[in-house]
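So the chains spell out like this:
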Amino acid sequence: MRVVIADDSVLLREGLRLLLAEAGVEVCAVAGDGDGLDHLVEVHRPDVAIIDIRMPPTFTYEGAQAAVRLRERWPDLGLLLLSQSLESRYAAELAWEHPEGFGYLLKDRVVDVDRLVEALAQVARGGTVLDPDVVAHLMGRRSARERVQGLSPREQGVLALMAQGASNAAMARDLKVNDKTVESHISSIFTKLDLLPQQDAHRRVLAVLAWLGQ
Amino acid sequence: MVLTDRRLVALGRADLRDPGALIYVVAIVSATVVGSILVARQPENPAGWCFAGLGASMTLSGALDSYALIGAVADPGSLPYADVAAVLGDASFIPWLVLVALALHLTPTGRWLTPRWGRAALGTVVAAVVWWVAKCLSGTPLDPPFTEVSNPLAVRQLAAAILGVRGVAGLLTGLGLLVAGASLLVRFRRARGTERRQLRWLALVVIPLPVFVGLSFVGASTGRPLLVIVSTSGFVALIPIAAGFAIGRYHLYDVDRLLGRATTYVLLTAGVLVVYVAGVLVINEFLQGWAASDRATGSAAVAAVAVAVAAPARHRVQDLVDRRFGRRRYAALAVVRAHARQPDPPATDESVLRRALGDDTLTIAYWIGARRVWVTAAGRDPDGQGPASEGRATVEATRHGHPVARISFAATRCETDLVETVGAEALALLENTGLRAALALELVEVQASRARIAHAQQQERQRIERDLHDGAQQRLLALAMRLQAALVNGDASRLRAAARSGVEEAQATVRELRELANGLHPVALASGGLAAAVDDLASRMPGLVEFDVPDRRYSEATETTAWFIVCEAVANALKHAPGAPVRISIDQVDERMLIRVRDEGPGTADPDGNGLRGLADRAAASGGWLIVRSSPGGTEIEAVLPCAS
């Protein structure tokens, strides 16, 4: 898998490059801002672009704007946004508008290299990955909390994993149950929440996000 | 004219001397003088040219008359074309009427009231021209004393038609003159403020216009030339004078007041006389038996009574006269007095004066002497209220020569004199509101300072957040990634190297965090007070820092504020005078802490800059104050904070 990194902090992007290299991910190049990133994608045609949301010149949402721009130009390019702080509203909006091949993680997660590599792989496949904190935040909102009340604690856990974009196998591993149990939980959740059953992990994320965003 | 007079006497025809010559001369002089003054002062105003033209045409007409009188009547045949001069002179009053009509239309602005009135004026001019031509061509006998002169220009074949045309055109011209008078009255009715005053006197002259025109026609038709001359010339003489006052805006208001005062005293004197005479008559009638000395006493008593009556009567009479002569002034003062007697809570000075003066754009600014600023009643900046704004005029109400309030009003709606009078009447009200405005100003400033402090705090929080994100958090994250990378790699030497650099990185991060925390509230300040904190600060500064700080503790709030001021002042010195020596001194005088930070830089600090403004706010918020003295020798920041010892 080939990636490019855009982050204004030298310390961070070099650390990330080192880490990914050790984990067997090829980092083609790194950039310090959105314009540099455009150029890198043009030249290297990577599978995924890892982008810091806050970049110069205004340090607000340059990374997100760069992501939208790249998505229009390169529909197949995977986008993984990194953020230093939780900005769930912005992340959820981006996910709803551009769900295919989209990921949003807090920067702390990238130290967990297995998870980072898995997220990169999923985004490269066209799937969706949301940070657990973002999902927890969305599910913690009052409107969502009221609707989740009917679910058992285990079902709520499965719902959260589903929103993060986890596959059935990953959920089974996380929850230490077998695949069949996970499947029955999922169908039960879809029934209780009046959602159409979905097999594809990526479509499931969409359904859950749409439901959370109601 | 005097020459003509002499010549007539010399020719033995004194009976031909013009009985109305004097008033005629007055008319010429008034029109010529007023016309030339107006033309000189306002050459763009056609009304002035009308008067100048009137003077010229009257002079010309006088010359024609004199020429004809001598050449055709007194000494026939002595002068060529005397009969033509007689005809032209006979018709020469027509241009006067036209010029008077135009002047009435155009005073005081120099423009028609509306285009419609303009068309009426042009119609009058056309009618007058026709009339003049018809009069010259008609064969009827001329006015006395030219009754014997036969008209050489007469077209006898068309006599009847010409006579008809002449009659109609003459009537139309007279009508045009009345229309011109009406135009002036309409203008007067619509006018406000100064323009109304400008027109008042002219309007007074114009009101009897129909009488003059009527008299003139009666005089002409009954063959009384004296009546024609007196009515026409008298009227023509008055108009330029009144118009001159109007256009020149000559002490309009004072004329009004003088007339009012004069009338009051005339009425009062008459009243006192009546009382006195009546009293004396009564004494003489009923006290016949009294001795002469008693009568004298009685007369004195009557005089005293008359005087006693006069004093209160003066107010009544003055009141009545004021009502007649200065309606607006009277009504305006009445509004202000009523409010002063019984204030109506929702009414403000502004609303009262607006009502009194009939100007709803009127605004008032109050002078806060201690601060040397103008403010509104709410203590705000009275922007756009300066004397410079277009169409606005201002009047300052003062007490003993010190400004109290500034009234700004629309110049077209109120007269300056009237506003001055009303302002003087409302002076006590204005002073009262001025005191409240001073309090309001302080409140406004406190609110603004509070808002600035809140904003500064917000910015400070953002700066800290940025420092944490970009500094410590990034470092720790990078450290974690590098350690993780070494772990993933698994090689023992890589792991050792990662651990070694990791320890260094962690220590650097701890230092960074400590500095960040220290900037917020230095440990030295908390443990050792201001003396320790300033010592610590001085040791970290690149240039020479001298300090003299008492080694004692104050309340935490005082120490924190003092520390903040010292830090910012030193930072300011570093910014404006890098490397220059800085001197910090803290003193205590009674229950006040005196902080001085002085640098020997170029003295370019801006007291209204963000940093120093924030300092002043901080000092003010804790009940103290701060001043910045910047001179080429350096900048000194001095703050005084209250401190209980």
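Predicted model, so just to flag it, every value in this text is computed and none were measured. (Residues numbered from 1 in each chain as written. Chains lettered and ligands numbered in written order. Predicted model: local features only at pLDDT ≥ 70, side-chain atom pairs only at ≥ 80, totals over all residues. Heavy atoms only, no water.)

A. Fine view of the overall build of chain A. Across its full length, chain A holds 11 helices and 6 strands. For chain A, the proportion of its 214 residues judged to be buried stands at 52%. Looking at chain A alone, contacts between residues at least 24 apart form 65% of all its contacts between residues at least 6 apart. With an accessible surface of roughly 9,500 Å², chain A has 51% of that area assigned to carbon and sulfur atoms. (Helix = DSSP H or I, 4+ residues; strand = E, 2+ residues; numbered from the N terminus. Buried < 20%, exposed > 50% of the residue type's maximum accessible area, 1.4 Å probe, protein only. Contact = heavy atoms within 4.5 Å. Areas by Shrake-Rupley, 256 points an atom, 1.4 Å probe, with all protein chains shown as cover.)

B. Region of the structure containing the overall build of chain B. In terms of regular secondary structure, chain B is built from 20 helices and 9 strands. Counting the 645 residues in chain B, one finds 40% classified as buried. When contacts within chain B are restricted to residue pairs at least 6 apart in sequence, long-range pairs at least 24 apart make up 66% of them. Accessible surface, chain B: about 34,200 Å² in total, of which carbon and sulfur atoms supply 61%.

C. Helix 6 (residues 132-140) of chain A, seen in detail. Residues and elements named next belong to chain A. Pro132, Val134, Val135, Leu138 and Met139 are the residues of helix 6 that are buried. Projected onto a plane normal to the axis of helix 6, the buried residues spread over an arc of 160° and lie on a single side. By the N-cap criterion, in which a side-chain oxygen at the helix start approaches the backbone nitrogen of a residue two or three places on, helix 6 is capped by Asp131, the distance to Asp133 being 2.8 Å. (Arc of directions from axis to C-beta. Polar contact = N/O pair within 3.5 Å; in protein donor to acceptor, adjacent residues only side chain to side chain.)

D. Just the packing of aromatic side chains, in detail. Residue and element names in this part refer to chain B. Applying the stated criterion across every chain yields a total of 2 aromatic pairs over all chains. An angle of 85° between the planes, with centres 5.5 Å apart, marks the rings of Phe93 and Trp131 as edge-to-face. One end of the pair, Phe93, is in helix 5 (residues 93-106); the other, Trp131, is in helix 6 (residues 115-137), with 38 residues separating them in the sequence. Judged by centre distance (5.0 Å) and plane angle (55°), the rings of Trp367 and Trp374 are tilted. (Phe/Tyr/Trp six-rings, centres within 6.5 Å; stacked < 30°, edge-to-face > 60°.)

E. Looking closely at the nonpolar core. All names here are of chain A. Leu37, Ile51, Leu70 and Leu159 are the most contacted members of the largest nonpolar core, which has 51 residues in total. Residue contributions to this core peak at 6 residues, all from helix 8 (residues 153-164). Not counting residues within four places of it along the chain, the set of residues in contact with Ile51 comprises Ala6, Leu37, Gly63, Ala67, Leu70, Leu79, Leu80, Leu81 and Leu82. (Core = buried A, V, L, I, M, F, W, Y, C linked by side-chain atoms within 4.5 Å.)

F. Looking closely at the interface of chain A and chain B. At the junction of the two partners, chain A supplies 19 residues and chain B supplies 17 residues. When chain A packs against chain B, the two sides together hide about 1,600 Å² of surface, and 63% of this comes from carbon and sulfur. A per-residue breakdown of the area chain A buries against chain B is headed by A:Leu11, A:Glu22 and A:Gln84, which together make up 35% of the total. Here chain A and chain B share 2 salt bridges between them. Between A:Glu22 and B:Arg494 there is a salt bridge; the shortest N-O distance is 2.7 Å. Where chain A packs against chain B, one counts 4 residue pairs in polar contact (both at pLDDT 80 or more). When residues in the side of chain A that touches chain B are grouped by element, the largest group, 7 residues, is from helix 1 (residues 10-22) of chain A. Grouping the amino acids of the side of chain A that touches chain B by side-chain chemistry returns 10 nonpolar, 4 polar and 5 charged. (Buried area = accessible area lost by both parts, 1.4 Å probe. Salt bridge = Lys/Arg side-chain N within 4 Å of Asp/Glu carboxyl O. Nonpolar A, V, L, I, M, F, W, Y, C, P; charged D, E, K, R; others polar.)

G. Expanded view of unusual backbone geometry. Residue and element names in this part refer to chain A. Positive phi is not limited to glycine here, since Arg45 has a value of about 45°. With respect to the helices and strands, the residue Arg45 is situated in the loop between helix 2 (34-44) and strand 3 (48-52). Of note, Lys176 is a non-glycine position whose phi angle comes to about 60°, a positive value. Examined against the element boundaries, Lys176 turns out to sit in the loop between helix 9 (168-175) and helix 10 (179-192). Lys176 gets classed as exposed once you look at its relative accessible area, which sits at 74%.

H. View of the packing of helix 2 of chain A against helix 3 (residues 62-73) of chain A. Residues and elements named next belong to chain A. Taken N-terminus to C-terminus, the directions of helix 2 and helix 3 make an angle of 25°; their axes are 10 Å apart at the nearest point. Classified by the angle between their axes, helix 2 and helix 3 sit roughly parallel to one another. Every pair of crossing elements has a handedness; the one defined by helix 2 and helix 3 is right-handed. Where helix 2 approaches helix 3, its residues Gly34, Asp35, Leu37, Asp38, Val41 and Glu42 are matched on the opposing element by Ala66, Arg69, Leu70 and Arg73. (Axes fitted to C-alpha atoms, helices over the stretch in contact; angles between N-to-C directions. Parallel < 35°, antiparallel > 145°, perpendicular 65-115°, else oblique. Left-handed = near helix turned anticlockwise from the far one by under 90°.)

I. Inspection of the sheet that holds strand 4 (residues 402-410) of chain B at higher detail. Residues and elements named next belong to chain B. Taken in spatial order, the 4 strands make up an open sheet running 2-1-4-3, and their pairing is antiparallel. Looking along the sheet, the strands with just one partner apiece sit at the ends: strand 2 (373-375) and strand 3 (392-399). Across the sheet, the mean angle from the axis of one strand to that of its neighbour is 25°, orientation sign disregarded. Bridge analysis of strand 1 (residues 363-368) against strand 2 gives 3 bridges, and the strand direction is antiparallel. (Pairing = 2+ DSSP bridges.)

J. Focus on a nonpolar patch on the surface. Side chains of B:Val25, B:Val29, B:Val33 and B:Ile37 sit close together on the surface and give an oily, nonpolar patch of about 300 Å² of accessible area. Checked against the element boundaries, B:Ile37 lands in helix 2 (residues 21-41). (Patch = residues over 30% accessible without salt bridge, like charges linked within 9 Å, V, L, I, M, F, W, Y side chains within 5 Å.)

K. Summary view of the packing of helix 16 (residues 427-489) of chain B against helix 20 (residues 610-621) of chain B. All names here are of chain B. At a minimum axis separation of 10 Å, helix 16 and helix 20 run at an interaxial angle of 115°. In this structure, the crossing between helix 16 and helix 20 has a hand that is left-handed. Residue-level contacts link Ser449, Arg452 and Ile453 of helix 16 to Arg613, Asp617 and Ala621 of helix 20. Counted by class, the contact of helix 16 with helix 20 contains 2 nonpolar, 1 polar and 3 charged residues.

L. Here's a closer look at the pairing of strand 1 of chain B. Residues and elements named next belong to chain B. By the criterion of burial, strand 1 is predominantly enclosed, with 5 of the 6 residues buried. Relative to strand 4, strand 1 is paired through 4 bridges, and the arrangement is antiparallel. Residue pairing for strand 4: Thr363 is matched across the bridge by Ser408. A loop of 4 residues connects strand 1 with strand 2, the two strands running antiparallel in sequence, and Arg372 in this loop sits at a positive phi of about 55°.

M. Spatial organisation of the pattern of salt bridges. All names here are of chain B. Taken as a whole, this structure holds 26 salt bridges over all chains when the rule is applied. With a closest N to O distance of 2.6 Å, Glu445 and Arg371 form a salt bridge. Taken together, the positions of Glu445 in helix 16 and Arg371 in the loop between strand 1 and strand 2 put the pair 74 residues apart, joining distant regions of the chain. What makes Arg371 partly exposed here is its relative accessible area of 38%.

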